[in-house]
Amino acid sequence: MTALRTARPGDREALYTLWATCFDAPHVVPLYETDPGRYDRTFVTDDVSACVYYLPRRVHDGLGGEVLVGGVANVAAHPSVRGRGHVRRLLALAAEAMTADGCAWSLLFTGTPGVYKEWTTFELQTVSGPLYPATPSGPGLRRVAARDAAVLRDLHERHNARRPLTAVRDAAHWRERVPVWYGEPVELLAGDAGYAAVRWDGGVLDVLEVAGDLPQVLAALAAEAGARRVRSGRARLTWHDPALPALFSAVTPERDRTGMARTLLADPAPVVGAANAAHWPADYF
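Residues numbered from 1 in each chain as written. Predicted model: local features only at pLDDT ≥ 70, side-chain atom pairs only at ≥ 80, totals over all residues. Heavy atoms only, no water.

A. Just the overall build of the protein, in detail. Helix and strand counts for the protein stand at seven helices and twelve strands. Relative to the compact-globule value of 19 Å for 285 residues, the protein shows a C-alpha radius of gyration of 20 Å, a close match. For the protein, the spread of C-alpha atoms along the three principal axes comes to 65 × 35 × 35 Å. By residue count, 53% of the 285 residues in the protein fall in the buried class. (Helix = DSSP H or I, 4+ residues; strand = E, 2+ residues; numbered from the N terminus. Rg over C-alpha atoms; globule rule 2.2 N^0.38 Å. Buried < 20%, exposed > 50% of the residue type's maximum accessible area, 1.4 Å probe, protein only.)

Right under this line is the structure:
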């Protein structure tokens, strides 16, 4: 049976080659390199033909507290070794290590849920629809460079303190990880009332993250969309958010089914199953 172990700094090039083979995701390496303890949390076959990595992360529990979870990422197996059970065995090692680290449960986001037999899929609410035909009527939104995103930290913390599943971002997260996720083509737009991370995706406004006084922020986004002649959008907001009419003239409820969770020391259901749960893209692993 193929030997398994934790990664070493000397595996760096082999890991990056494996990920380049398996993923079309330029963010993988920059995010990985922000974690000083990454090698001890990366499990590989001895020849580095398969790997699993996890990152401990604190998220809000929805009650004003925090919970430590293990975020699984960078799961890969070279095409030549797939079907041999390497990933399954590596995930088992990662689960043991996350438990030893005190992680209450494990969290991941994936488009291939069948790989993760011990994890359970959960849904997050999102919405889409035609945009409210607004015109500018007050202060607009200014562009904030991704490298300066930390100026939004206080707004983010106030808005998310009791929102389940949102990450607790420390200074390093704002400095290193947020710019990776919210660099071009994402735009950070901010005003006195709050901010939004958006993408103008093929004539559609995609609201990735929002914080602050939502009716004012969404109204400002509607005006910005009108100026750009964008007439439809989608947003990571819950179906019955009272601020929705500020942006949408009609709302279609949708579901993001990419999230999965696994019990380690506690049941994740109260957090991931909450109706107002959200996990912003800048907090992915």
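B. Here's a closer look at the sheet that holds strand S10 (residues 204-212). Read from one edge of the open sheet, twelve strands run S1-S2-S3-S4-S5-S12-S6-S11-S10-S9-S8-S7, paired in mixed fashion. Each having just a single partner strand, strand S1 (4-6) and strand S7 (142-144) make up the two edges of the open sheet. Across the sheet, the axes of successive neighbouring strands diverge by a mean angle of 30°, strand direction being ignored. Most of the contacts of helix H4 (residues 153-160) go to S10, to which it runs at about 85°, and overall it touches strand S3 (50-60), strand S9 (194-201) and S10. (Pairing = 2+ DSSP bridges. Axes fitted to C-alpha atoms, helices over the stretch in contact; angles between N-to-C directions. Contact = heavy atoms within 4.5 Å.)

C. Looking closely at the pairing of strand S2 (residues 42-45). Of the two faces of S2, the one carrying Thr42 and Val44 and the one carrying Phe43 and Thr45 are both buried. Pairing analysis gives three bridges linking S1 to S2, with the strands arranged antiparallel. Considered in S2, the bridge of Leu4 is made with Thr45. Where S2 folds back on S3, the antiparallel hairpin that results is connected by four residues, among which Val48 adopts a positive phi of roughly 55°.

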